[in-house]
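# Architecture at a glance
As a plain string of letters, each chain reads:
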Amino acid sequence: MNRTKNHVRHYNKVSEDIKFVSNSLIRLRVLKALYENPSNMKELTHKTDLSYSSISSTLHKLELRDMVYRNSNRYYLASSLKLQMKNILQLSIIINLLDEIFNIIEGHIVHKLPLESILEMHMLDGSLMVESDGVNADMIDNLIENNIGEANSARCILPVYSEGINLKLNELADDGKFVEILVSKKLSNIYNNRSRVKYISTFRGKNNFLLIITDKMMILGFFRNDGIFDKNRLVISTGKDSLKWANNLFRYFKKLDK
């Protein structure tokens, strides 16, 4: 806890740099390569599998922000950034994670996550992104509903309404199992009329994120930048740390939006 508090105190100082870095997979790949070892252009193209022009443009932008510097023909990660990324976001783990779930980070609204959850993102190491295969249009909905149906408990943040999810949560509540949901305020009338869950509260704002936590799995989904919820991509994990991260996120968000 003390470690997290220390990170929070430093966050405002570096948050703009973090946003700039995480906005581009190319930047992340280049910084990851430099985080591991100083490199010249030829080595960077080999390590990142990116074009020369992409790397050159990216390095120029990073140099302008004093994130990298050049000595002779080799590029180095600035010591201040290396320390920030290591201490705050555990760069090597986070970049591997973002590589895995890039399609749900790029072009999606992720800044709605509470600060505390961002600082703990390393706990999602090992998470996977599930994408609809384009053939089975109900694949994602089925995954969520099946997971709830097999659960012994559920805690959910629901920014959109799904009849199937609501049905499964009602069945869980009817069986006497613990269910708690936070729903978007604009959906409160729907849930008041259709939900039999005992513990329901609302949150303000829009384009937040979907979170479903059972005793077995964590499911996380985001809105696209155009404001439409992406029903075709989810981040999932059954890892112990990921479930802990998700439960922490639920608590942080519930407290934040009171």
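Please refer to the structure placed before this passage.
Predicted, not measured: the structure shown is a model, and the values here were computed from it. (Residues numbered from 1 in each chain as written. Predicted model: local features only at pLDDT ≥ 70, side-chain atom pairs only at ≥ 80, totals over all residues. Heavy atoms only, no water.)

Turning next to helix H9 (residues 139–149). Within the span of H9, buried status applies to Ile140, Ile144, Glu145, Asn147 and Ile148. The buried residues of H9 occupy one face: seen down the axis, they fall within an arc of 160 degrees. Where H9 is buried, its residues meet strand E3 (128–131), helix H10 (163–174), strand E7 (209–214), strand E8 (218–222) and strand E9 (233–237). (Buried < 20%, exposed > 50% of the residue type's maximum accessible area, 1.4 Å probe, protein only. Helix = DSSP H or I, 4+ residues; strand = E, 2+ residues; numbered from the N terminus. Arc of directions from axis to C-beta. Contact = heavy atoms within 4.5 Å.)

This part takes up the pattern of salt bridges. Pairing of side chains with opposite charge becomes possible as their charged atoms draw close. Tallying each qualifying case throughout the model produces ten salt bridges. Residues aspartate 174 and arginine 196 are paired through a salt bridge, measuring 2.6 Å at the closest nitrogen-oxygen approach. Taken together, the residues span a long stretch of sequence, with aspartate 174 in helix H10 and arginine 196 in the loop between helix H11 (188–194) and strand E6 (199–203) at a distance of 22 residues. Here lysine 254 ties to glutamate 180 by a salt bridge, and the two come within 2.5 Å at their closest N and O atoms. Linking lysine 254 in helix H12 (residues 240–256) with glutamate 180 in strand E5 (residues 178–184), this pair joins segments that are 74 residues apart in sequence. Overall, lysine 254 belongs to the partly exposed group, its relative accessible area being 30%. We classify glutamate 180 as buried; its relative accessible area is 8%. Salt bridges sharing partners connect three or more residues here, namely Glu131, Asp230 and Arg233. (Salt bridge = Lys/Arg side-chain N within 4 Å of Asp/Glu carboxyl O.)

Under the counting rule described, the total for this entry stands at six aromatic pairs. Judged by centre distance (5.1 Å) and plane angle (75 degrees), the ring pair of phenylalanine 203 and phenylalanine 253 falls under edge-to-face. Remark: phenylalanine 253 occurs in helix H12 and phenylalanine 203 occurs in strand E6; sequence separation between them is 50 residues. Take phenylalanine 203 and phenylalanine 253: they sit in the same class, and that class is buried. With 5.3 Å between their ring centres and 75 degrees between their planes, phenylalanine 223 and phenylalanine 229 make a pair best called edge-to-face. Overall, phenylalanine 229 belongs to the buried group, its relative accessible area being 13%. (Phe/Tyr/Trp six-rings, centres within 6.5 Å; stacked < 30°, edge-to-face > 60°.)

Let us now look at helix H4 (residues 52–64). For H4, with 13 residues, the first-to-last C-alpha span of 18 Å sits near the 18 Å given by 1.5 Å per residue. Buried residues of H4: Ile55, Thr58, Leu59 and Leu62, and no others. Considered in projection along H4, the buried side chains sweep an arc of 100 degrees and stay on one side of the axis. Every exposed residue of H4 that faces more than 90 degrees away from the buried side is listed here: Ser53 and Leu64. One or two positions beyond H4, positive phi appears at aspartate 66, with a value near 60 degrees. (Expected span 1.5 Å × (residues − 1).)

The next point concerns the packing of helix H2 (residues 25–36) against helix H3 (residues 41–48). Direction vectors running N to C along H2 and H3 enclose 115 degrees, while the axes themselves pass 10 Å from each other. Comparing their axes, H3 and H2 come out roughly perpendicular. Regarding H2 and H3, the two cross each other, and that crossing is right-handed. Here H2 contributes Arg29, Val30, Ala33 and Leu34 to the contact with H3, which in turn contributes Leu44, Lys47 and Thr48. Residue composition of the contact of H2 with H3, by class: four nonpolar, one polar and two charged. (Axes fitted to C-alpha atoms, helices over the stretch in contact; angles between N-to-C directions. Parallel < 35°, antiparallel > 145°, perpendicular 65-115°, else oblique. Left-handed = near helix turned anticlockwise from the far one by under 90°. Nonpolar A, V, L, I, M, F, W, Y, C, P; charged D, E, K, R; others polar.)

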